[in-house]
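Each chain, letter by letter, is given below.
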Amino acid sequence: MESQSIGSMIKILSETINQRANRDCKGFNLTMQQMKILHFLKTREGAQPATQKDIQDFMRISHPTVVNILRLMKEKGFIEISTSEKDKRMKLVRLTGREAPFVQEVIRGREQMEAQLVEGLSAQEQETLRRCLRKMYDNITARC
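All of these numbers come straight from a predicted model, not from anything done at the bench. (Residues numbered from 1 in each chain as written. Predicted model: local features only at pLDDT ≥ 70, side-chain atom pairs only at ≥ 80, totals over all residues. Heavy atoms only, no water.)

### Brief notes about the packing of aromatic side chains
Note the cut-off: Working definition: a ring pair exists when centres of Phe, Tyr or Trp rings (six-membered ring for Trp) sit within 6.5 Å. Plane angles under 30 degrees give stacked, over 60 give edge-to-face, the rest tilted. Secondary structure elements follow DSSP: runs of H or I no shorter than four residues count as helices, runs of E no shorter than two count as strands, and numbering proceeds from the N terminus. Only protein chains enter the accessibility calculation, which uses a 1.4 Å probe. A residue is then buried if its area is under 20% of the maximum for its type, exposed if over 50%, and partly exposed in between. A ring has a charge above it when a Lys NZ or an Arg CZ is no more than 6 Å from the ring centre and no more than 35 degrees off the ring normal.
Under the criterion given, the structure shown has one aromatic pair. Measuring from centroid to centroid gives 4.4 Å for F40 and F58, while their planes differ by 20 degrees, and the two rings are stacked. Here F40, found in helix α2 (residues 32–43), pairs with F58, found in helix α3 (residues 52–59); they are 18 residues apart in sequence, far enough to count as distant. You can call F58 partly exposed: its relative accessible area is 40%. The positively charged end of R98 is found above the aromatic ring belonging to F78, 4.8 Å away from the centroid.

The following block contains the structure:
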């Protein structure tokens, strides 16, 4: 793997993480993207309801993609989608509670994967890695 480009190594790591996460989510009849949205909504519980646009921005996905993912999540009974009383163009997304039995297990799994990713790296190395990844992201998005 050392002879591969950095971009290739990042892609391989990303695909491996996605495969593992999708495998772990399969038991809950969810994809990794759906699970990320559930986690996002869970962190906002009790606050102002999330909008479809909030989820789109958080996930960095297109409007049609977020609409499709939310439609599937609604069909599975995990979310409710309603129209804002203040602005009829805004769609509000709320959890139904169906996720409650397993959401903590999913969060623990995500934390375990994160710990496994940085195993053997000091706190300083982890911070350097985060800084480098952020810089790489900024570099690539600045040219778009």
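### Section: the layout of surface pockets
Put simply, the rule reads: Grid spacing is 1 Å over the protein atoms alone, the probe is 1.4 Å, and a cavity is where that probe fits but cannot get out, while a pocket is an open set with protein on both sides within 12 Å along at least five of seven lines and lining residues have an atom within 4 Å of a point. Grid points are joined across faces, edges and corners, and a volume is the space filled by probe spheres set on the points. Basically, the charged four are Asp, Glu, Lys and Arg, the nonpolar ten are Ala, Val, Leu, Ile, Met, Phe, Trp, Tyr, Cys and Pro, and anything else, Gly included, counts as polar.
A volume near 2100 Å³ is recorded for the largest pocket. Lining the largest pocket are 38 residues, with S14, I17, K36, E114 and L117 sitting closest to its centre. Going through the elements one at a time, α1 (6–26), α2, α3, α5 (100–117) and α6 (123–142) are the ones with two or more residues in the lining of the largest pocket. Sort the elements by how many residues they give to the lining of the largest pocket and α1 lands first, with 10 residues. Residues of the lining of the largest pocket, tallied by class, amount to 24 nonpolar, six polar and eight charged.

### Section: the packing of α2 against α3
This is how it is decided: What counts as an axis is a line fitted to C-alpha atoms, over the stretch in contact for a helix, and the angles between N-to-C directions run from 0 to 180 degrees. Angle categories: roughly parallel below 35 degrees, roughly antiparallel above 145, roughly perpendicular from 65 to 115, and oblique for all the rest. Two helices that cross are described as forming a left-handed crossing if the nearer one is turned anticlockwise from the farther one by less than a right angle, and a right-handed crossing if clockwise. Two residues form a contact once any of their heavy atoms are found within 4.5 Å.
Remark: α2 packs on α3, axes separated minimally by 11 Å, with the N-to-C direction vectors making an angle of 120 degrees. Here α2 lies oblique to α3, going by the angle between them. When you trace α2 past α3, the crossing you get is right-handed. Seen from α2, the contacting residues are Q33, K36, I37, F40 and L41; seen from α3, they are D54, I55, F58 and M59. Residue classes in the contact of α2 with α3 are distributed as six nonpolar, one polar and two charged.

### A closer look at the pairing of strand β3 (residues 91–95)
Filter applied, for reference: Between any two strands, pairing holds if DSSP finds at least two bridges.
Strand direction decides the pairing type here: strand β1 (residues 50–51) and β3, joined by two bridges, are antiparallel. Residue A50 lies in a different strand from β3, and its bridge partner there is V93.

### Observations concerning the environment of K36
Its location among the elements puts K36 in helix α2. Judged by relative accessible area, which is 33%, K36 ranks as partly exposed. Excluding its chain neighbours within four sequence positions, the residues that come into contact with K36 are F58 and M59.

### Considerations on α5
Here is the rule we go by: Helix span, expected: 1.5 Å multiplied by one less than the number of residues in the helix.
A rise of 1.5 Å per residue sets the reference length of α5, with its 18 residues, at 26 Å; its end C-alpha atoms lie 27 Å apart and thus fit the reference within 8%. Its buried side turned inward, α5 meets α1 and α2.

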